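Results of the structural survey
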Amino acid sequence: MSGRSENGGDNPEDRPHEFLVRDPSVTGRSSFRKRGGILNPIVKIGENNLADIEEPDVASIVDNLRRRYLNNAFYTYIGDVLVYMPPFSGISMYTNEDVQYYCENNAFDPDLKPHIYSFADRVYSNMLFWKRNQVVIMSGSSGSGKTINTKQFLSYIQSVSGGWDLSVTLKTRLAHLFNVLDCFGSAQTSDSIYASKYTSQLQLKFNYFGDIVSCQLKTCLLEKSRVCGPPPGESNFHIFHLLMEHIGSDGAAYPYLSNTNHTFALKVTLPSIQDSLVALGMPEGEKEHVINILTAILILGQIQYKTENDGIGVRVTNPGVVKVIAKLLGVTNSSMTDMLTSTPHISGNRSIMMNPLSYDKAISKRNSLASYLYLRLFNEVLMSANKSLAGEAPEKPDDLNLTLDIVDGYGIKGGDLNNFAVLCCNFSNEKLHQCFIESALTAPQELYLQEGLDWDPIRIPDNRGTIGLFTDVQPASLMECIENECNKPGDTTNFQADEAFGGISSPYFMLSHEVENEFIVRHYIGEVSYDATNFHKMAKTGLPKDCKRVMNSSKLALLQRMFPDGAQSEWMKGKSSMCVSQVYVGAIDNLLKDLKNKFLSFVRCVKPNLSSTPQLFEDDFVEDQVRSSCLVETALIKQRGFAFSSDLVGFVQRYKCTHEEDRFRRCDGDWQMAADRICGNLQIDMDLYFVGFTCIFIKDSATVLYLEKKRDECIDFIVTKIQLCWKRRYINRKLGPHLRALRETLAQADKTKKILLPKMKGPFSEDINDYLDRIYRCWWASCLIKTLKKSDRNIVRIAIIAHSAFAGEFSVEPDLVKSGKPMNIHCLRMRSNYVASDQFDAATLLSTTNDRSTHGKKILFTAPINRLNRKHVVERGYVILTDKALIFLTSKFELYPQKTIFLKNCRALSLSTHVDTMIVIHQAEAGKDMVLDFGVTGIYHTLPEFVGNLYLASKKLSNRIKVNVYAERIRYNNSRKPDVYDELSFSAKKEKSTKLKPGAPLCTLKNKVVIFYGGRDVLH
């Protein structure tokens, strides 16, 4: 069955019903909403929008749909109407990547490929932008993919909206709900293996910010007559076949299942459905009661009757079956037997007499009980689910101010000899089709004319005649005739079409003269014939009142809740039966009344072929659907008219931020002029919009996308300006007095003396005071620096760097400041050259190098050192720091070129808090680190001076050296193996008081050198 699909969508055998999950750490649209896509661009095959076809007609639309369908493009737009053609295969179209792709791109982008996710994003955005309640109506023939689009639409809305712990609560419960509905409300037909047999209205409620706060599912028109026997070639509800699968039976022993056609295995199990019921709020102990009721319904079909008393009454020939049913339902055997074989009669003195039933009436009563047991169970499951989906009550009633309804109705059905249930389903489809005509076709044209547009009206097919046939035609409508025939007195159980409908005079109705009891109704899809033979049984399905009384007396609390009208005070009131035709009419009228004054959007589902075969496109079959669905008229109106419209007030309020003059000004005057001013400021071509008396019309989605992008650009500026104004006012109010006192103090301050700034009190005062102190210290330091000569400022920079690197041990501040005197730079005692002049001349020695451009031209620092080699042996030498390199000399003043370090290769310096004469120089190349000791000079600030000069010289070469200060140990790499590290470990204890001399080995372990810091002398 790989070619069959779930309501025309993906193959249910490929995956169960699951909802897409987003990052649970982020809520709301911000979890996805970024610019730029993540998927590869899709090559456009055919027109994404049928309104872009040059001359839309039936042939061109069918040709465009064919090209798109055969190239796996299953969604197409007609303006704001979405057309879907099911693939009938397991093609993946609904992944997390798809959700993110459509979240990250604007729904109005004309280059965005059509998809149910882009459609959902547009509906959701319109709800938030214009604060209007939305309705989405899924329509099409049976098996065309309405239900799968409902689920995916809902999945996308959940992914982009926030609120109510969506990743856990709502998403999980809705997944359970749809699994339950697929079993309790769907059946296999010739068109679909998951054909919904009810009309659903799923209502999501949002707060002002677009977060879901509650969810409710309303259903009507459940085809309960299917319980007692589905039409030929179709199955009963899936839950019964799931029950048979659980007990290992083929259902042949149960008459309600013996003639059904169920040819595929469900991917859920009965225990999983029971768990779903519990997850939806049903008490744990009642999940077994649900199975008892379902089993009792099937066993009811096994009851057999035999006439007695000359046909006046009946008796049950298999009383053991009745006993089993009574036990399953928790009622007494006697009350169950009396209910199935007799009917109560209430006399004038309110006494009850039991009258026997005829054979036909006994069969009818048994079937009515089975049908109503299932209907009431279905309604109870939904009631329990709605309680669990209701969410938390809002703190204020105004919190629930936006709704989004998703309507998924029966698929309209054609063909020959359909039953009463199909008649009611097709009537509901006629009403929904009328909604589409009025909302998408008629209303726009009327609005164009009202707003002063030069518009030549396009003729629209009208189905009001067919709807009038059902409810309004005189002297009696079709539904009234059915009701009158069912309410006739007597025991008539056969419905006679000639007699019942003989008074109907309508061009949309015709009695057949070829087949007995057949009549024909002209629907918008064409002529459909109906067999009226069993109309009486299916239409007069009110449950007898004694059945309600017995069910209410059950020991099962679930049955008592299912039949509250069976209480003693209720069951004796009213008629025992009623006609269901008016119930259907009232239900669909209530549904449409609930959708009134909401903005309607439509998904039109079109089947590519009659046999539900993948990659098969039947032109004639699709052409009939294109004609009946008014797709040509829709394309013409969208092409010649405008794709989008808005009232002027809403448009100006939304986009006035793009006009600099109107941005922060109230517009109380001419809204037309304001809208014109906005469009003119954005340089929108006048052919792309029209400003009417109360509305503005926009030609295409590209213009809407342009408006949205310009608005987004202005929002950041506006938010920043609002925050700036608020912060400025806050600062002036909270910090004004303190800032004025601070200004007066600084105005009288002496630049050569430190002063104490006034301290602020209050919230965040500590952080603010520290921040102001830092600013003042920087300002005061710059004032002191300016008192120096330019030649001496570098010495101060070296001292400051050394002060920072040595964690304050090398203090420069006491000697820098003299009370009332300018800074004395000579107090720092920096010599730069710590080598005796009679030993060697560094400048002369540097001039002998081969390349002064790489070794440097300016000498910054010279000093004697001790260097630790790879064998952990101390070597005496000298170091020369130039503006480009560190040059090392041997103890005999000979150049040591292999050890030269270029400053651009110097990566970091490592110092110890225990020894203030040692340093490790780390190079970028592995194995080239250098360990130096400056204690030879006997002057404590030699190393700080060297660090300051080295840091500044490297900084001029755009190489910022990192200075690391450690306590106990320093790791370095001075071996020929890049991955082998040595370690300097500092210890305060010394086992032997031997003096370390050049050339003498230190106390070493494997890859470790121990340095004793009892005194200043370490390596020298």
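As shown above, the structure is provided for reference.
Within each chain, residues carry numbers counting from 1 in the order of the written sequence. Under the rules for a predicted model, residues below a pLDDT of 70 receive no local features and side-chain atom pairs below 80 are neither given nor counted, while totals for whole chains, interfaces and linings still include all residues. Side-chain metrics in this entry use all non-hydrogen atoms of the structure; hydrogen atoms and water are not considered.

**Structural notes on the pattern of salt bridges**
For the record, the criterion: In what follows, salt bridge is the name for a side-chain nitrogen of Lys or Arg lying within 4 Å of a carboxyl oxygen of Asp or Glu. Secondary structure follows DSSP: runs of H or I at least 4 residues long count as helices, runs of E at least 2 residues long count as strands, and numbering of each begins at the N terminus. For each residue, the accessible area found with a 1.4 Å probe, counting protein chains only, is set against the maximum for its type, and the residue is called buried under 20%, exposed over 50%, and partly exposed in between.
For the structure shown, the criterion picks out 26 salt bridges. In this structure, D191 and K607 form a salt bridge, with 3.5 Å as the shortest nitrogen-oxygen distance. Of the two residues, D191 is situated in the loop between strand 4 (186–187) and strand 5 (195–196) and K607 in the loop between strand 16 (599–605) and helix 22 (619–628); the sequence distance between them amounts to 416 residues. In this structure, D191 and K607 share a single accessibility class: buried. Residues D462 and R464 are paired through a salt bridge, measuring 2.5 Å at the closest nitrogen-oxygen approach.

**Brief notes about empty space enclosed by the protein**
Selection criterion: Lining residues are defined by having an atom within 4 Å of a point belonging to a cavity or pocket. Those points lie on a 1 Å grid over the protein atoms alone, cavities being sets where a 1.4 Å probe fits but cannot get out and pockets being open sets with protein on both sides within 12 Å along at least five of seven lines. Grid points are joined across faces, edges and corners, and a volume is the space filled by probe spheres set on the points.
For the structure on display, the rule yields six cavities of 30 Å³ or more. If you add up the space inside the largest cavity, you get close to 220 Å³. Lining the largest cavity are 22 residues, with S142, S196, K197, Y410 and G411 sitting closest to its centre. The set of elements that each furnish at least two residues to the lining of the largest cavity consists of helix 4 (146–160), strand 5 and helix 13 (420–450). Counting residues per element, the lining of the largest cavity draws most heavily on helix 13, at three residues.

**Describing the nonpolar core**
The following threshold applies: To define a nonpolar core, start from buried Ala, Val, Leu, Ile, Met, Phe, Trp, Tyr and Cys residues and group those joined through side-chain atoms within 4.5 Å. Contacts between residues were defined by any pair of non-hydrogen atoms, one from each residue, lying within 4.5 Å.
With 199 residues, the main nonpolar core has F153, F184, I239, M336, L373, F501 and F519 as its most contacted residues. Element by element, the count of residues in this core is highest for helix 13, at 14 residues. When neighbours within four sequence positions are excluded, L373 is seen to be in contact with I293, I297, L300, L329, M551, L559, M562 and F563. Ranked by size, the runner-up nonpolar core spans 30 residues in total, among them I798, L886, F934 and V947.

**Thoughts on the environment of N517**
Note that N517 resides in the loop between strand 13 (509–511) and strand 14 (518–523). Taking the C-alpha atoms as reference points, N517 and Q496, 21 residues apart in sequence, are found 6.1 Å from one another. In this view, N517 contacts F495, Q496, A497, Y530, D531, A532 and T533; residues no more than four positions away in its chain are not counted.

**Some words on the sheet that holds strand 22 (residues 885–890)**
Rules: What makes two strands pair is DSSP finding at least two bridges between them. Working convention: axes come from line fits to C-alpha atoms, limited for helices to the stretch in contact. Angles between N-to-C directions cover 0 to 180 degrees.
The mixed open sheet is built from eight strands, whose spatial order is 23-22-21-20-26-25-24-27. This sheet does not close on itself; its edge strands, each paired only once, are strand 23 (901–902) and strand 27 (962–966). Bridge analysis of strand 20 (residues 859–868) against strand 26 (residues 930–933) gives three bridges, and the strand direction is antiparallel. Paired with N866 across the bridge in strand 26 is D933. Lying over the sheet, helix 33 (residues 942–956) contacts strand 20, strand 21 (874–882), strand 22, strand 24 (906–912), strand 25 (918–923) and strand 27, oriented at roughly 120° with respect to strand 20.

**So, the packing of aromatic side chains**
Between two aromatic rings, the relevant description is the distance of the centres plus the angle of the planes. To keep things clear, this is the line we draw: Each aromatic pair joins two rings of Phe, Tyr and Trp (for Trp, the six-membered one) with centres within 6.5 Å, and gets the label stacked for planes under 30 degrees apart, edge-to-face for over 60, and tilted for any other angle.
This structure, assessed with the given rule, holds 33 aromatic pairs. Relative to Y374, the ring of F237 lies with its centre 4.8 Å away and its plane at 20°, an arrangement referred to as stacked. With a gap of 137 residues between them, F237 in the loop between strand 7 (212–220) and helix 6 (238–247) and Y374 in helix 12 (residues 359–389) connect regions that are remote in the sequence. Like F237, the residue Y374 is buried in the burial classification. Ring centres 5.7 Å apart and planes at 35° place the aromatic pair F642 and F697 in the tilted group. In this pair, F642 is assigned in the loop between helix 23 (631–640) and strand 17 (644–647) and F697 in strand 19 (residues 695–698), connecting sequence segments 55 residues apart. Comparing F642 with F697 shows no difference in burial state: the two are buried.

**Focus on a positive patch on the surface**
Under the convention used in this document: Only residues whose relative accessible area exceeds 30% and that take part in no salt bridge are eligible for patches, with like-charged residues grouped when within 9 Å of each other and nonpolar side chains (Val, Leu, Ile, Met, Phe, Trp, Tyr) grouped when within 5 Å. To measure how exposed things are, a 1.4 Å probe is used in the Shrake-Rupley method; for residues, cover is taken only from the protein chains shown. Think of it this way: Lys and Arg go in the positive column, Asp and Glu in the negative one, and His and the chain ends go nowhere. Working definition for charges: the position is that of NZ of Lys, CZ of Arg, CG of Asp or CD of Glu.
Judged by side-chain charge, R797, K858, K955, K956 and R960 come together as a positively charged surface patch. The partly exposed category is assigned to R797, whose relative accessible area is 44%.

**Focus: the sheet that holds strand 13**
An order of 13-14-15 is seen for the three strands of this open sheet, with the pairing classed as antiparallel. Single-partner strands in this sheet number two, and they are strand 13 and strand 15 (526–531). Across this sheet, the average inter-strand angle for adjacent strands is 25°, counted without regard to direction. Across the sheet, helix 13 lies against strand 14 and strand 15, angled at about 150° from strand 15, the strand it touches most.

**Some points on the pairing of strand 22**
Taking burial as the measure, the six residues of strand 22 include five buried ones, the bulk of the element. In terms of strand pairing, strand 21 meets strand 22 through five bridges, oriented antiparallel. Residue pairing for strand 22: Y878 is matched across the bridge by L889. Remark: two residues form the turn of the hairpin made by strand 21 and strand 22, two consecutive strands paired antiparallel. Across two bridges, the pairing between strand 22 and strand 23 is antiparallel. Note on strand 23: the bridge partner recorded for A885 is F902.

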